[in-house]
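Survey of secondary and tertiary structure
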Amino acid sequence: MNKSKPTRANHTDKELLHEGTRFALSLTRNKADAEDIAQSAWMKLSRKYGQVEGKNILFRTIKNTFIDQVRRNRVVSFSSLENAPEPSRSETPGYGLDLDLTLSMLSQAERTAIQLNVLEGYTAIEIGKKMGMPRGTVLSHMSRARNKLREAFGQELGYRKAQTA
């Protein structure tokens, strides 16, 4: 009994590439772009594995290639701020808020905990080890700090605390 390895579910390379191009066309809605993406995906797989094994991996590679292309083609335009007029204090919410002054409202432990968490990315456990206190205490300091900052920023930006009945 001669057991040969089934290849590509009995698809030839030409049929597989044709199916891949049709799939790419469903994504791009442009024949030339679809052909480019299908060919690019085919070449990626050929370089990596020496051959294209099947429709699933080809379609996944086409989809990923399409997504990468869309991301690369996103255009972000920036306008120069050199000639832009300065916003007035009344137009800029929070302009009068002094961050250093606002942070000085916090206790030393609250300020340290929130700075280590927000600015430096430490977890509550790591902050607790640095500050020599339990995780729960650190979480309490961070919660109180956030509440105080939220209240200060809210007042400056014109937000009011929700009234409870």
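Refer to the structure above for everything that follows.
To keep things clear, this report deals only with the structure shown in the data block. Quick caveat: nothing in here was measured; it's all calculated off a predicted structure. (Residues numbered from 1 in each chain as written. Predicted model: local features only at pLDDT ≥ 70, side-chain atom pairs only at ≥ 80, totals over all residues. Heavy atoms only, no water.)

With respect to the nonpolar core
Across soluble globular proteins, you tend to see nonpolar side chains buried next to one another. Judged by nonpolar contacts, Leu16, Ala24, Ala34, Ile37, Ala38, Ala41, Trp42, Leu45, Val52, Leu58, Ile62 and Phe66 together constitute the single largest core of 12 residues. For this core, the secondary structure elements donating two or more residues are helix H1 (13-28), helix H2 (31-49) and helix H3 (55-73). Ranked by the residues each element gives to this core, the list is headed by H2, at 6 residues. Grouped together as the second largest cluster of nonpolar side chains are 11 residues, Ile114, Leu116, Ile127 and Ala145 included. (Core = buried A, V, L, I, M, F, W, Y, C linked by side-chain atoms within 4.5 Å. Buried < 20%, exposed > 50% of the residue type's maximum accessible area, 1.4 Å probe, protein only. Helix = DSSP H or I, 4+ residues; strand = E, 2+ residues; numbered from the N terminus.)

Topic: the packing of aromatic side chains
Tallied over the full model, the rule gives 1 aromatic pair. Seen from their ring centres, Phe23 and Phe59 are 4.5 Å apart, and the 5 degrees between their planes marks the pair as stacked. Within this pair, whereas Phe23 is found in helix H1, its partner Phe59 is found in helix H3, the two being separated by 36 residues in sequence. For Phe23, a relative accessible area of 22% corresponds to the partly exposed category. (Phe/Tyr/Trp six-rings, centres within 6.5 Å; stacked < 30°, edge-to-face > 60°.)

A short note on H1
Its 16 residues place the ends of H1 22 Å apart at the C-alpha level, agreeing with the 22 Å of an ideal helix rising 1.5 Å per residue. Among the residues of H1, those classed as buried are Leu16, Glu19, Gly20, Ala24 and Thr28. Check the buried side of H1 and you find it contacts H2 and H3. In the segment just after H1, Arg29 is the residue with positive phi, at about 60 degrees. (Expected span 1.5 Å × (residues − 1). Contact = heavy atoms within 4.5 Å.)

Observations concerning helix H5 (residues 108-119)
In a regular helix each residue adds 1.5 Å, so 12 residues correspond to 16 Å; H5 covers 16 Å between its end C-alpha atoms and thus fits that length. Turning to H5, its buried residues are Glu110, Ala113, Ile114, Leu116 and Asn117. Each buried residue of H5 sits inside an arc of 165 degrees when the element is viewed along its axis, so together they form one side. Residues of H5 that are exposed and point over 90 degrees away from its buried face: Gln108 and Leu119. Of the residues flanking the end of H5, it is Gly121, one or two places downstream, whose phi is positive at about 80 degrees. (Arc of directions from axis to C-beta.)

Topic: the layout of surface pockets
Looking at the second largest pocket, its volume works out to about 160 Å³. The wall of the second largest pocket is formed by Leu99, Leu103, Ile114, Gln115, Val118, Leu119, Leu149 and Phe153. Taken together, the elements giving at least two residues each to the lining of the second largest pocket come down to helix H4 (99-104), H5 and helix H7 (135-156). Per element, the largest residue contribution to the lining of the second largest pocket is 4 residues, and it comes from H5. Among the residues forming the lining of the second largest pocket, the class breakdown is 7 nonpolar, 1 polar and no charged. (1 Å grid on protein atoms, 1.4 Å probe; cavity = no way out; pocket = protein on both sides within 12 Å on 5 of 7 lines; lining within 4 Å. Points joined across faces, edges and corners; volume = space filled by probe spheres on them. Nonpolar A, V, L, I, M, F, W, Y, C, P; charged D, E, K, R; others polar.)

Details of the pattern of salt bridges
Here the idea is simple: oppositely charged side chains can pair when their charged atoms come close. Taken as a whole, this structure holds 3 salt bridges when the rule is applied. Between Arg144 and Glu110 there is a salt bridge whose closest N-O contact spans 3.3 Å. Of this pair, Arg144 sits in helix H7 while Glu110 sits in helix H5, placing them 34 residues apart in sequence. With a closest N to O distance of 2.9 Å, Lys148 and Glu110 form a salt bridge. Of this pair, Lys148 sits in helix H7 while Glu110 sits in helix H5, and the two are 38 residues apart along the sequence. Glu110 sits in the buried class, given a relative accessible area of 3%. Several salt bridges converge on common partners, so that one network encompasses Glu110, Arg144 and Lys148. (Salt bridge = Lys/Arg side-chain N within 4 Å of Asp/Glu carboxyl O.)

A closer look at the packing of H2 against H3
Taken N-terminus to C-terminus, the directions of H2 and H3 make an angle of 120 degrees; their axes are 9 Å apart at the nearest point. Taken together, the axes of H2 and H3 are oblique relative to one another. Considering the relative orientation of H2 and H3, their crossing is right-handed. Within the contact between the two elements, H2 uses Ile37, Ala38, Ser40, Ala41, Trp42, Lys44, Leu45 and Tyr49 and H3 uses Ile57, Leu58, Thr61, Ile62, Thr65, Phe66 and Gln69. Tallied by class, residues from the contact of H2 with H3 come to 10 nonpolar, 4 polar and 1 charged. (Axes fitted to C-alpha atoms, helices over the stretch in contact; angles between N-to-C directions. Parallel < 35°, antiparallel > 145°, perpendicular 65-115°, else oblique. Left-handed = near helix turned anticlockwise from the far one by under 90°.)

Purely spatial values, then, with no claim about function.
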